[in-house]
Every structure is written in structure tokens, then in C-alpha cells.
Amino acid sequence: VKFVKGYSCSSQDYHRVMKRLANEYANESNATALVIGSSSVLALERVFCRVESSAAVRRGAVTNDGQIQVSDSMAPSQIAASIAKLLPKARQRLLALRNDQLPLRE
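Residues numbered from 1 in each chain as written. Predicted model: local features only at pLDDT ≥ 70, side-chain atom pairs only at ≥ 80, totals over all residues. Heavy atoms only, no water.

Student: Even after reading the chapter, I still don't get the pairing of strand 4 (residues 68-71), so can you show me in this structure?
Tutor: Regular strands show a simple pattern: their side chains alternate between the two faces of the sheet. Neither face of strand 4 is left uncovered, since the one carrying Ile 68 and Val 70 and the one carrying Gln 69 and Ser 71 both have all their residues buried. Pairing geometry for strand 2 (residues 48-52) and strand 4, over four bridges, is parallel. Directly across from Glu 52, in strand 4, lies its bridge partner Ser 71. Between the end of strand 3 (residues 61-62) and the start of strand 4, which pair antiparallel, lie five residues, with Gly 66 showing a positive phi angle near 85°. (Buried < 20%, exposed > 50% of the residue type's maximum accessible area, 1.4 Å probe, protein only. Helix = DSSP H or I, 4+ residues; strand = E, 2+ residues; numbered from the N terminus. Pairing = 2+ DSSP bridges.)

So this is what it looks like as C-alpha cells:
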């Protein structure tokens, strides 16, 4: 999972979220909590987690293009839980888009 700044999130808020995540999972006892899941299948597509402003996103969601959206006001544990919950759906959408099975909404 790669984190990216969303359109509605300011750079300052994005870096604040990244700092909170780094501080939360910096010590070795919490490092395993950030491991979302393991799979024997090699992931061919990277899933992006887009950080948006709290006005745009209230809770974690998967976009039509297979990206996970989280709010900048979410706690690190909530972000990790949202990613763990939404990762299978995001990968499914990415694979469907790659195989042209799921059209994008306009």
C-alpha cells in the first residue's frame, strides 16, 4: 500500500497524518500492527491509499479506480483498520479494471 495526498487534503495535513502513522508504528512492538495481511499470491498491482480532508471523506472507502480513501482526521489505528478491511475490495477493483470488466463511472 502506498500513501498519496488527495486533492482535498492540504500538504500540511497530509504530512501530519504521515507523522502520526510513523510515530504510532515506530517502536517495534507496534510494527506488526501495520502489517495488513499476508498473501501467497504476488500482488501485481500496487494499491494506493489516498489521504483526503475530513470534509471530503468521513470514513474509509474504495473509489471506482481501486484506490482506498481515508480521512486526515482518522487515528492511525482507524486508518490501519480501514485499509485491512478495504484492501481485498480495492485489489478486486484493480484487477477488474485491468481486465476491462468494470467500467469507470463518469
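Student: Explanation requested: helix 1 (residues 11-24) in the structure shown.
Tutor: An α-helical segment advances 3.6 residues per turn. Residues three or four places apart therefore align on the same side. Here helix 1 spans 20 Å end to end across 14 residues, near enough to the 20 Å set by a 1.5 Å rise per residue. Every buried residue of helix 1 is listed here: Tyr 14, Val 17 and Leu 21. Around the axis of helix 1, the buried residues are gathered within 60° of arc, so they sit on the same side. Facing away from the buried side of helix 1 by more than 90 degrees, the exposed set consists of Gln 12, His 15, Lys 19 and Asn 23. Among the structural elements, strand 1 (2-5), strand 2 and helix 3 (76-98) are those in contact with the buried residues of helix 1. (Expected span 1.5 Å × (residues − 1). Arc of directions from axis to C-beta. Contact = heavy atoms within 4.5 Å.)

Student: Quick question: what am I supposed to make of the pattern of salt bridges here?
Tutor: Pairing between side chains becomes possible if they bear opposite charge and their charged atoms approach one another. Following the criterion strictly, the structure yields two salt bridges and no others. Between Glu 52 and Arg 50 there is a salt bridge, with the nearest N and O atoms lying 2.9 Å from each other. (Salt bridge = Lys/Arg side-chain N within 4 Å of Asp/Glu carboxyl O.)

Student: Sorry if this is basic, but what is going on with the sheet that holds strand 3 here?
Tutor: Across a sheet, strands are paired by hydrogen bonds formed along the backbone, either parallel or antiparallel in direction. Taking strand neighbours across the sheet as the criterion, the four strands line up as 1-2-4-3 in an open arrangement whose pairing is mixed. Across the chains shown, the open sheet's two edge strands, defined by having one partner strand only, are strand 1 and strand 3. Sitting on the sheet, helix 1 touches strand 1 and strand 2, and the angle it makes with strand 1 is about 155°. Along the sheet, helix 3 makes contact with strand 1, strand 2, strand 3 and strand 4, crossing strand 4 at roughly 160°. (Axes fitted to C-alpha atoms, helices over the stretch in contact; angles between N-to-C directions.)

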